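# Reading the structure
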Amino acid sequence: MLPAGPLALALALGAVCTASAAPGQALAPCSRIDRPIVAEVFYDATGDDTGHEFVELWNPGGAPASLAGLRLEAGDGAGPSRWTLRWTGGAADSIAARGRFVIGGALVEPPPDAQVSLDLQNGPDAVRLAWPDGVTEVVGYGTQAFAEYACGEPAADVPSGQSLARVPDASNRGANALDFRAWPPSPGRENLPDRDVALIPGTLALDPEQPAPDQGARLSGRVANRGATPLAAGEVTVIGAVASASGEDALFSHAIPVAIAAGDSAAFEVATRPLATGKRTLRVRLALAGDGSSADDRDSLRVRVGPGPLEITEIQFHPASGEAEWVEVRNRDAVSVDPADFTLADRGSARGVPDGGGGALAPESLAVLAQDRGALLARHPALDPGRIWEVSPWSALNNSDDSTGIADAVVLRESDGTPCERVSYSAGGVPAGVPIERRPGGWGPSSDPLGTPLSPPRALAPIAGRFQVTPRRVRAGVASARLAWSLPWPRARVAVEVYDLAGRRVLRALPETASTARGEREWHVEGLSPGLYLVALVARAEDGDGSLRETCAIRIEGAAP
Amino acid sequence: MRARVRHEPAPGAALSAGRAPAPRRALAPCIALAAAVALALGAAPTPAQDFAAPEAPGAAPSPAAFLERALPAQHPSLAAEALVSHWYDVPGLTTRALALSAGWRTLRAAAGISRTGDPELGWSAAALALGVAGEGGGGALRAVVRRDAAPGALAVELGPGAGLEVGGGAWVDAGFGITLSASAPQVLVRGVGPPLARGLEIGALWVMDDLALRLARVSPRGGGGGAWHDATLALAAGPLTVWLGARDQPARGSLGLAARARALAVAGVVESHPLLGETVRLSIGLARLPEADLPP
């Protein structure tokens, strides 16, 4: 029995925490080896911590240990002596020899031995075990201002989603910083098994991301040796399968041909056979004889074979008229789809969610996913607002190419992450402000300098001469005409003005706009009274001194006012 | 120096017989000049379409010009005129017209037909003008009926593709070589709308010896938009007359040349538009002029 009072507490702390020893001097251990110790603290889950936090105790001894009367306390490093009780061991609580005991929230998997809401703070804070006999063990993390919140130097704060784990499990080197490190959460399991291989989450990838139905693909990923001993070449096998209605269809089995030292990782790449068209789930697991933890051996990847239900048909990545960026999509499926069930992204990881449109999109219909719905409608007031969705957050699309010749990518996914379509584009040769659109021969600058949102892509047929207006006779007030030009320069600036027969300018059908050599524009014939008018195209080369003007006549039919 | 008459000044009398400005006129010269300038201030073009003829300021109105603006010549004459206009640089946009005019005592009459454009856009027109004119002034009414070469499905009261316009014009000799005129060629419009909406044109012509200056202002029909200004200066030398014109909206110029050999007259003008290019009008005519108006 230790003496009571401050002196006794000082002695007890001195017995277990001597982290302030001089350099080169051996440190006294932080934990007593004759009783269970703190093996893992998970205090910062990704997102909301509630229900996910846990503290794992490990009994290193060869006999069961009772936890009756043990107090688990949380320390607030913001001030001295701020310890609050989180859990007290009951008479029935015990840990088997070399066993583990998890105290944690309701959402911890597997369920904890003692369920309690720990409400641990992110560092600098601490947890403390206080045994009935007065022995304590402190595990502190983050930069501490008060020595009571750590044994020796506190452990480094860990990022969200990572545990503060004792690695190896029996480490007892005299300072929290030496015994604990950021580690994948492993409640109820060894932190560092003797042999453990893990499939690193998020590393599975398929190339091509969306293979054609009759085309194989290469699946790659990365495995890590999280055990204490090295793994020989060929010891780890990657087993792939594709989920099916009947369970799984085996896809491949691949032995990793390289040795993996403890703590190291290795990449793998496996060729797959062609997969059936549609939405598929690839399941990958690792096999290793004597694997100490199977929880980190599996991962899956949602893939799509063949085209997805939505097709990207036009991209405005560098708007020049205040309409903000937008992407036009087409429902190429046989049934209606709701664009709100998809996400839109660039090459980054942020995925925007469409909102505000008019519900399901009928087959073959077009929709626009816009950065700013209002701005787009202001620029194109004739568009159907029910077919425009605003995406939030919007991933700004790049306007210039990188060293690979790619400016950016537009990535459509279903809300569960299944790829739908990815279009990587180059901004090279695209006049400023002109969207790019999908054509039968590939992607290219839009036929209309202002783009054709909610209008299908058009294959521009050659025209006779430099400038055409069709039709040449239109009904006043209700009709539209198509302005088409074919210029001798790859990039130019064009304007179209309308004059009456006396040569007086009546209106401007197209303000000066950047264009490619071949372009077209729908012109709504508004504001013109019946008569014969002259439609004049004025174009000048963007690079160089070339210019031209061409004039066509158009008859606006109508009764005299 | 007395003005020498080569052509009948149109439409007023100041140049028509080469007479010096008559002091008997009621308006003082300064007032008349001020009125002319004031009338010409404003903005708008001098529109013309079916019977647009190359006209030198101070020349007698040709049959086509009579039909176009309803301004009858001061002196009766029997005249025929053929003309062609190629509009700007638009392929196929060409007007060909034939016009006749006659006069007896103070009565004046003209008739003409024209064809403009290609079969898809073009139209045919027939025009008639009737009026009176004398020493101090004149006036006339004009009517033009048109029919599109390819009438659309538009239902109008005059039949598919058919249109009618009726208007009038008048001029008065203000004295001191000044003639004031007004022309409203589309007072009444029915059926298919005309190829060009034309408003009220008011003008002033000042002739002194071999020089003639015409100022005009044309209001848009219906009051929309701005008016046009037109100014033309002509110089006559023997049987030749050359003239320069300027117009706004947009600013542009024209150069014309006319020649007469007894009853035969030819004229041409090139108007240059800064964007649309050149409009070329040519005419050839025969006229039996009063003795005093014949070239020397």
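Residues numbered from 1 in each chain as written. Chains lettered and ligands numbered in written order. Predicted model: local features only at pLDDT ≥ 70, side-chain atom pairs only at ≥ 80, totals over all residues.

## Re the overall build of chain B
In terms of helices and strands, chain B carries two helices and 14 strands. A buried classification covers 55% of the 296 residues belonging to chain B. The long-range share in chain B, meaning contacts at least 24 apart out of those at least 6 apart in sequence, stands at 58%. (Helix = DSSP H or I, 4+ residues; strand = E, 2+ residues; numbered from the N terminus. Buried ≥ 20, exposed ≤ 12 C-beta atoms within 10 Å, placed from the backbone. Contact = placed C-beta atoms within 7 Å.)

## Things to note about the overall build of chain A
What chain A contains, in helices and strands, is three helices and 36 strands. Burial analysis of chain A (561 residues in total) assigns 42% to the buried set.

## Section: the nonpolar core
Among the nonpolar cores identified, the biggest contains 53 residues, and Phe51(B), Ala64(B), Phe66(B), Leu67(B), Ala129(B) and Ile178(B) are the most heavily contacted of them. In this structure, Leu118(A), Leu129(A), Val138(A) and Ala155(A) belong to the second largest nonpolar core, which totals 42 residues. (Core = buried A, V, L, I, M, F, W, Y, C linked by C-beta atoms within 7 Å.)

## Digging into the pairing of strand β16 (residues 237-244) of chain A
All names here are of chain A. Looking at chain direction, β16 and strand β17 (residues 247-255) are connected through eight bridges and run antiparallel. Within β17, the residue paired with Ser244 across the bridge is Gly247. Hairpin connection between β16 and β17: a loop of two residues separates the two successive antiparallel strands. Here β16 pairs with strand β19 (residues 278-287) via six bridges, running antiparallel. Looking at the pairing, Ile239 lines up with Arg285 of β19. (Pairing = 2+ DSSP bridges.)

## Some details on the confidence of the model for chain A
Overall, the predicted model of chain A reaches an average pLDDT of 88, with 94% of residues at or above 70. In this model residues 1-25 of chain A is a low-confidence stretch, pLDDT under 50, and it forms 30 contacts with partners more than four residues away in sequence or in other chains. (pLDDT = per-residue confidence, 0-100.)

## Digging into the interface of chain B and chain A
Contacts between chain B and chain A engage 31 residues on the former and 26 residues on the latter. When grouped by side-chain class, the residues that make up the side of chain B that touches chain A number 19 nonpolar, eight polar and four charged. (Nonpolar A, V, L, I, M, F, W, Y, C, P; charged D, E, K, R; others polar.)

## Let's talk about the confidence of the model for chain B
Residues and elements named next belong to chain B. Scored by pLDDT, chain B has a mean of 83; 80% of the residues are at 70 or more. Residue range residues 1-10 is modelled with pLDDT below 50. Its contacts to residues more than four positions away, or to other chains, number 42 contacts. Per-residue pLDDT stays below 50 along residues 12-47; that stretch engages in 105 contacts with residues further than four places along the chain or on separate chains. With a pTM of 0.54, the predicted complex shows an ipTM of 0.85.

## Description of the sheet that holds strand β27 (residues 408-414) of chain A
Residue and element names in this part refer to chain A. One open sheet accounts for three strands, arranged β23-β27-β28; its pairing is antiparallel. Either end of the sheet is taken by a strand with one partner, and the two such strands are β23 (342-345) and β28 (419-425). Going from strand to strand, the sheet's axes swing by 10° on average, the running direction of each strand aside. (Axes fitted to C-alpha atoms, helices over the stretch in contact; angles between N-to-C directions.)

## A short note on the pairing of strand β34 (residues 505-524) of chain A
Across a regular strand the side chains alternate sides, sitting on one face of the sheet and then on the other. All names here are of chain A. In this structure, strand β33 (residues 480-500) lies alongside β34, joined through 15 bridges in antiparallel fashion. Its bridge partner being in β34, Ala492 is matched across the sheet by Ser515. A loop of four residues connects β33 with β34, the two strands running antiparallel in sequence, and Gly503 in this loop sits at a positive phi of about 90°.

## Quick look at the sheet that holds strand β30 (residues 442-445) of chain A
Residue and element names in this part refer to chain A. The strand order β24-β26-β25-β22-β21-β29-β30 describes an open sheet built from seven strands, whose pairing is mixed. Strands with a single pairing partner mark the edges of an open sheet, and in this sheet they are β24 (353-355) and β30. Taken pair by pair, the neighbouring strands of this sheet meet at an average axis angle of 35°, ignoring direction. As defined by bridge partners, β24 adjoins strand β26 (residues 388-392) across three bridges and the pair is classed as antiparallel.

## Description of the environment of Arg273(A)
By the element assignment, Arg273(A) lies in the loop between β18 (265-272) and β19. Arg273(A) sits 22 residues away from Leu251(A) along the chain, and the two C-alpha atoms are 7.3 Å apart.

## Comments concerning unusual backbone geometry
All names here are of chain A. Note the cis peptide between Asp207 and Pro208, where omega equals 0°. Considering the arrangement of structural elements, one finds Pro208 in the loop between β14 (205-207) and β15 (217-225). For the peptide bond that leads from Ser392 to Pro393, omega is -5°, which places it in the cis range. Mapped onto the fold, Pro393 is located in the loop between β26 and β27.

## Some thoughts on the environment of Ala241(A)
Residue and element names in this part refer to chain A. Structurally, Ala241 is set in strand β16. Sequence spacing of Ala241 and Thr272 is 31 residues, and the spatial spacing of their C-alpha atoms is 9.8 Å. Other than its neighbours up to four places away in sequence, Ala241 contacts Glu248, Asp249, Ala250, Leu251 and Arg283.

## So, the environment of Leu377(A)
Residue and element names in this part refer to chain A. Note that Leu377 resides in helix α3 (residues 373-379). Classification of Leu377 as partly exposed rests on a count of 17 C-beta atoms within 10 Å. Considered as a pair, Leu377 and Ile388 are eleven residues apart in the sequence and their alpha carbons are 8.7 Å apart. Filtering out sequence-adjacent residues up to four positions away, Leu377 remains in contact with Leu383, Pro385 and Ile388.

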